[in-house]
Amino acid sequence: MKIGITCGFNAKENQIVLNKAYIEFAKSGAIRHQHRECSIDILYPTMNIESANIPSYDMLIFSGGPDINPILYGRSTIEADKCDFERDLFELKLLDIAFKNKIPTLGICRGAQMMGIYFGTSLKQDIDSHSQPHKREVPSHPIILNRLGKEILHTIGGECLVNSMHHQCVNLCVGEKNVSKFKDSTWGNEKLSVVGIAQDGVCEMFISKEFPKFLGVQWHEEELSKYNYGHSEAIFNYLLKE
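A brief look at the structure comes next. Per chain, residues are indexed from 1 in the order of the written sequence. Owing to the predicted nature of the model, reporting of local features is limited to residues with pLDDT of at least 70; listing and counting of side-chain atom pairs is limited to 80 or more, with chain, interface and lining totals taken over all residues. Note: side-chain values were computed over all heavy atoms of the structure, leaving out hydrogens and water.

In this section: the overall build of the protein chain. Along its length, the protein chain carries six helices and 14 strands. The globule rule used here is 2.2 Å times the number of residues to the 0.38 power, and the radius of gyration it is set against is calculated over C-alpha atoms. Taking 242 residues into account, the globule formula puts the C-alpha radius of gyration at 18 Å, and the protein chain, at 17 Å, falls close to it. Projected onto its principal axes, the C-alpha coordinates of the protein chain cover approximately 50 × 45 × 35 Å. Working definition: with a 1.4 Å probe on protein chains only, accessible area under 20% of the residue-type maximum means buried, over 50% means exposed, and in between means partly exposed. When the 242 residues of the protein chain are sorted by exposure, 54% land in the buried category. The accessible surface values rely on the Shrake-Rupley method and a 1.4 Å probe; as for residues, cover is taken only from the protein chains in view. Summed over its atoms, the accessible surface of the protein chain is roughly 11200 Å², and 48% of this surface lies on carbon and sulfur atoms. Positive and negative side-chain charges of the protein chain, numbering 26 and 30 respectively, have mean locations separated by a distance of 3 Å. Secondary structure elements are taken from DSSP: a helix is a run of H or I of four residues or more, a strand is a run of E of two residues or more, and numbering for both begins at the N terminus. Lys and Arg are tallied as positive, Asp and Glu as negative. Neither His nor the chain termini are counted. Throughout, a charge is located at the NZ atom of Lys, the CZ atom of Arg, the CG atom of Asp or the CD atom of Glu.

Let's shift gears to unusual backbone geometry. The backbone of N14 shows a phi angle near 55°, a positive value even though the residue is not glycine. Exposure remark for N14: the relative accessible area of 60% places this residue in the exposed category. For H154, which is not glycine, the phi torsion reads 55° and is therefore positive. Here H154 lies in the loop between α4 (147-153) and β9 (159-162). Residue H154 is classed as exposed on the basis of its relative accessible area, which comes to 55%.

This brings us to the environment of K2. Mapped onto the elements, K2 comes out in strand β1 (residues 2-6). Taking the relative accessible area as the measure of exposure, K2 reaches 23% and is therefore partly exposed. C-alpha separation for the pair K2 and L60, spaced 58 residues apart in sequence, amounts to 8.8 Å. Each residue touching K2, except ones within four places of it in the same chain, is listed here: S39, D41, S56, Y57, D58 and M59. As used in this structure description, the phrase polar contact means that two N or O atoms lie within 3.5 Å; if the pair is within protein, one of them must be able to donate a hydrogen and the other to accept it, and residues adjacent in sequence are counted only when both atoms belong to side chains. A distance of 2.8 Å separates polar atoms of two side chains, one belonging to K2 and the other to S56. By definition in these notes, contact holds between two residues if any of their heavy atoms fall within 4.5 Å.

Before going further, it helps to examine the state of the cysteines. For the purposes of this analysis, a disulfide is any pair of cysteine sulfur atoms at a distance within 2.5 Å. Scanning the model with the defined rule gives zero disulfides in all. The closest cysteine sulfur to the non-disulfide-bonded C173 is located on C169, 3.7 Å from its own sulfur. Among the residues examined, C173 registers a relative accessible area of 24% and is labelled partly exposed.

Now for empty space enclosed by the protein. Only protein atoms enter the 1 Å grid used here, on which a cavity is any set of points holding a 1.4 Å probe that cannot leave and a pocket is any open set flanked by protein within 12 Å on both sides along at least five of seven lines; residues with an atom within 4 Å of a point are listed as lining. Grid points are joined across faces, edges and corners, and a volume is the space filled by probe spheres set on the points. One pass over the structure, following the stated rule, counts one cavity of 30 Å³ or more. Looking at the largest cavity, its volume works out to about 30 Å³. Along the walls of the largest cavity sit A112, V170, C203, E204, M205, F206, G216, V217 and Q218, which together make up its complete lining. Listed by contribution, the elements that provide at least two residues to the lining of the largest cavity are β13 (203-208) and β14 (214-217). For the lining of the largest cavity, the element with the highest residue contribution is β13, accounting for four residues. Split into classes, the residues belonging to the lining of the largest cavity amount to six nonpolar, two polar and one charged. Polar here means any residue other than Ala, Val, Leu, Ile, Met, Phe, Trp, Tyr, Cys and Pro, which are nonpolar, and Asp, Glu, Lys and Arg, which are charged; Gly is therefore polar.

Axes, fitted as lines to C-alpha atoms, cover a helix only where it is in contact. Angles between the N-to-C directions of the axes lie from 0 to 180 degrees. Where helix α1 (residues 20-34) contacts helix α6 (residues 232-240), the two axes come as close as 9 Å, and the packing angle between them is 70°. Here α6 runs roughly perpendicular to α1, going by the angle between their axes. With respect to the hand of their crossing, α1 and α6 are arranged in right-handed fashion. Between α1, through F25, A26, G29, A30, R32 and H33, and α6, the contact on the second element is made entirely by S232, E233, F236, N237 and L240. Class assignment of the residues belonging to the contact of α1 with α6 gives a composition of five nonpolar, four polar and two charged. The scheme is simple: roughly parallel for angles under 35 degrees, roughly antiparallel for over 145, roughly perpendicular for 65 to 115, oblique for anything else. Crossings are assigned a handedness: left-handed for a near helix turned anticlockwise from the far helix by less than a right angle, right-handed for a clockwise turn.

Shown next as structure tokens:
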């Protein structure tokens, strides 16, 4: 099995930027799913994507990172200096290859937002109360799942706990007046299905309607999996099952 993980790149230091938790998350997820080791490749923005043979990967993980340049979804570029435009463009190209070749793909936080932009959605640029003050590996709020969400996370009940370290999200939010109806409903647009939301209606999990193994989660599953709080086994089983 071969898994690729995206990362940032520090041009001044000439080095990749990636939390090691992503690598451990991928390794442990693959072992739990297939009970064997896997090879992990780091996919960085300055690499030659044409020579990387991306279709040979069994799974891709789009990691978290800085805000995405809002010019990519038609918004103001105020504070665009905090973005990594080279990485943004690289990941859009990588997403296109992954989707066209039907490679199971997981987007985490920024990675999920990148997925949303690839499918034509915008982002809510600043939301409140979604950046927890305590340790990243500790859950901070529940999310509400509809039928598809429960199937993906293998959850009997309609809720599960996640962490939260973001101030933006894919603009597929459910209005607060519709939160109570979400468990028994479908939500999204013509390309994406929302399958999990926060209690304030913020989109927390979605899939592609055309290729449901394109999965975006707004929380940091790689951190939750450190102490078995998370849902990594269910996520890997969902993405990698035949």
